[in-house]
Amino acid sequence: MLDSRNPAVEISCDALSQDKNLVTSRCFDNQGSLLVKNPLKAPEFQNAPHNVLRSTEMGAAQSQLKKEELEKLQEHSHFQQKELKAMYKQFRKEQPQGYIDKEEFREMMRQMGVVDSFLQDLIFNVFDEDKDGGINFQEFVAALSVMTRGDPTEKLEFAFNMYDIDGDGVIDKREMGQIMESFYKLVGPLVTFSGKKYESPSQLVEEFFDIMDKNGDGKITLEEYKEGALKNPDVIQGLKLFS
Ligand SMILES: [Ca+2]
Ligand SMILES: [Ca+2]
Ligand SMILES: [Ca+2]
């Protein structure tokens, strides 16, 4: 959430953890659209991720997941096998090629109201774990699992990976500056940090580094990020894209 009054970019299905049939009844409506809680002013994630669940590894022609693939996905996600089966079936039907490319993902994001191409790419990059330019079924499941059912540590790592744009293992001020610029374009001045309002992205970046960059080297490591997040939950609450 960016702002408790305007939780604009929270992308998750509501109350997933309580819903045993989340994939069909909660996450996806009758048309196969992913229902998104609090999208960026868009009511739902229309026509979206049934385009997503494609897998090159699992084979375009494969109509069902193999037993060992299912077990592996279950092991590496918070989804049950029957949920994974339903997700796979639904998405495979729509997209036989096995992955979603960046343009398709951008279109999905636009439908969600994420119109900023920089933000679209940030989100794409964190989904595309192996950085091959496509999101396969495993990558989609992994990201959705963290976004909807991940524990706090998983979500922190997810956010960290998104902010670490160049993937060098640290967040620097340039990266955080780019991100805050985009957030500002999206939601306007942010209200974070116990209600304090920040009039410019750079002001927020400086405050963020003051709090998070423990050794003052201008870079935030995952450890610093996690530690800072634990000590300053409202900072992270204000900055994380997915809750
Ligand atoms: Ca990929
Ligand atoms: Ca970096
Ligand atoms: Ca540091």
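Remember, predicted model here, so these are calculated numbers, not experimental data. (Residues numbered from 1 in each chain as written. Chains lettered and ligands numbered in written order. Predicted model: local features only at pLDDT ≥ 70, side-chain atom pairs only at ≥ 80, totals over all residues. Heavy atoms only, no water.)

A. The arrangement of the overall build of the protein chain in detail. A tally of regular secondary structure across the protein chain gives eleven helices and six strands. A fraction of 63% describes how many contacts in the protein chain between residues 6 or more apart in sequence connect residues 24 or more apart. Taken as a whole, the protein chain presents about 11400 Å² of accessible surface, with 47% of it coming from carbon and sulfur. (Helix = DSSP H or I, 4+ residues; strand = E, 2+ residues; numbered from the N terminus. Contact = heavy atoms within 4.5 Å. Areas by Shrake-Rupley, 256 points an atom, 1.4 Å probe, with all protein chains shown as cover.)

B. Examining the coordination of the calcium ion (ligand 2) more closely. Coordination sphere of the calcium ion (ligand 2), protein contribution only: Asp164 (OD), Asp166 (OD), Asp168 (OD), Val170 (O), Glu175 (OE) and Glu175 (OE), at 2.2 to 2.6 Å. Classification of the site at the calcium ion (ligand 2) as irregular follows from its six donor atoms and the range of 52 to 154 degrees in their angles at the metal. The class for Asp164 is buried, based on a relative accessible area of 6%. A residue is classified by how much of its surface remains accessible, and Glu175, at 0% relative accessible area, is buried. (Donors = N, O, S within 2.8 Å, 3.2 Å for Na, K, Ca; no water. Tetrahedral: all angles 85-135°; square planar, octahedral: opposite > 155°, others 65-115°. Buried < 20%, exposed > 50% of the residue type's maximum accessible area, 1.4 Å probe, protein only.)

C. Region of the structure containing the coordination of the calcium ion (ligand 1). Coordination of the calcium ion (ligand 1) by the protein is provided by Asp128 (OD), Asp130 (OD), Asp132 (OD), Gly134 (O), Glu139 (OE) and Glu139 (OE), with metal-donor distances spanning 2.2 to 2.4 Å. Coordination at the calcium ion (ligand 1) is irregular: its six donor atoms span angles of 54 to 154 degrees at the metal.

D. Seen up close, the packing of aromatic side chains. Scanning all chains against the criterion turns up eight aromatic pairs. For the pair Tyr88 and Phe137, a centre-to-centre distance of 4.9 Å together with 75 degrees between the ring planes defines the contact as edge-to-face. Of this pair, Tyr88 sits in helix α3 (residues 81–94) while Phe137 sits in helix α6 (residues 137–149), and the two are 49 residues apart along the sequence. Taking the relative accessible area as the measure of exposure, Tyr88 reaches 3% and is therefore buried. Overall, the relative accessible area of 0% leaves Phe137 in the buried class. (Phe/Tyr/Trp six-rings, centres within 6.5 Å; stacked < 30°, edge-to-face > 60°.)

E. View of the environment of Met212. The topology assignment puts Met212 in helix α9 (residues 201–212). Its relative accessible area of 1% is what places Met212 among the buried residues. Along the backbone, Met212 and Lys231 are 19 residues apart, and their C-alpha atoms lie at a distance of 9.5 Å.

F. The arrangement of helix α10 (residues 222–231) in detail. Among the residues making up α10, those that are buried are Glu224, Tyr225, Gly228 and Ala229. Buried residues in α10, looked at end-on, bunch into an arc of 130 degrees, giving them a common side. Seen from the open side of α10, the exposed residues pointing more than 90 degrees away from its buried face are Glu223, Leu230 and Lys231. (Arc of directions from axis to C-beta.)

G. Just the confidence of the model for the protein chain, in detail. Confidence along the protein chain averages 73 in pLDDT terms, with 67% of residues attaining 70 or more. For the protein chain, the element scoring lowest by mean pLDDT is helix α1 (residues 22–27), at 30; strand β6 (residues 219–221) scores highest, at 98. Contacts from residues 1–61, a stretch scored under 50 in pLDDT, to residues over four places away or in other chains number 182 contacts. (pLDDT = per-residue confidence, 0-100.)

H. View of the UniProt feature "domain: EF-hand" (unreviewed entry) in the protein chain. The sites that UniProt annotates as "domain: EF-hand" (unreviewed entry) are residues 98–115, 123–150, 151–186 and 200–235. End-to-end, the C-alpha atoms of residues 123–150 are 16 Å apart, and along that stretch the chain is 64% helix and 11% strand. (UniProt positions renumbered as here; feature names shortened; annotations may be inferred.)

I. Quick look at α3. Between its terminal C-alpha atoms α3 stretches 20 Å, which fits the 20 Å expected from 14 residues at 1.5 Å a residue. Among the residues of α3, those classed as buried are Glu83, Leu84, Met87, Tyr88, Gln90 and Phe91. (Expected span 1.5 Å × (residues − 1).)

J. Region of the structure containing the packing of α6 against helix α7 (residues 152–163). At a minimum axis separation of 9 Å, α6 and α7 run at an interaxial angle of 125 degrees. Here α7 runs oblique to α6, going by the angle between their axes. Pair α6 / α7 crosses with left-handed handedness. Of α7, the residues touching α6 (which contributes Ala143, Val146 and Met147) are Glu154, Lys155 and Phe158. The class makeup of the residues in the contact of α6 with α7 is four nonpolar, no polar and two charged. (Axes fitted to C-alpha atoms, helices over the stretch in contact; angles between N-to-C directions. Parallel < 35°, antiparallel > 145°, perpendicular 65-115°, else oblique. Left-handed = near helix turned anticlockwise from the far one by under 90°. Nonpolar A, V, L, I, M, F, W, Y, C, P; charged D, E, K, R; others polar.)

K. Representation of the nonpolar core in the model. The biggest cluster of nonpolar side chains holds 50 residues, and the ones touching the most others in it are Met87, Phe105, Phe127, Tyr163, Met176 and Tyr225. With seven residues, α6 is the single largest residue contributor to this core. No fewer than three residues from each of domain 2 (67–148) and domain 3 (157–242) sit in this core. (Core = buried A, V, L, I, M, F, W, Y, C linked by side-chain atoms within 4.5 Å. Domains from an automatic or database assignment.)

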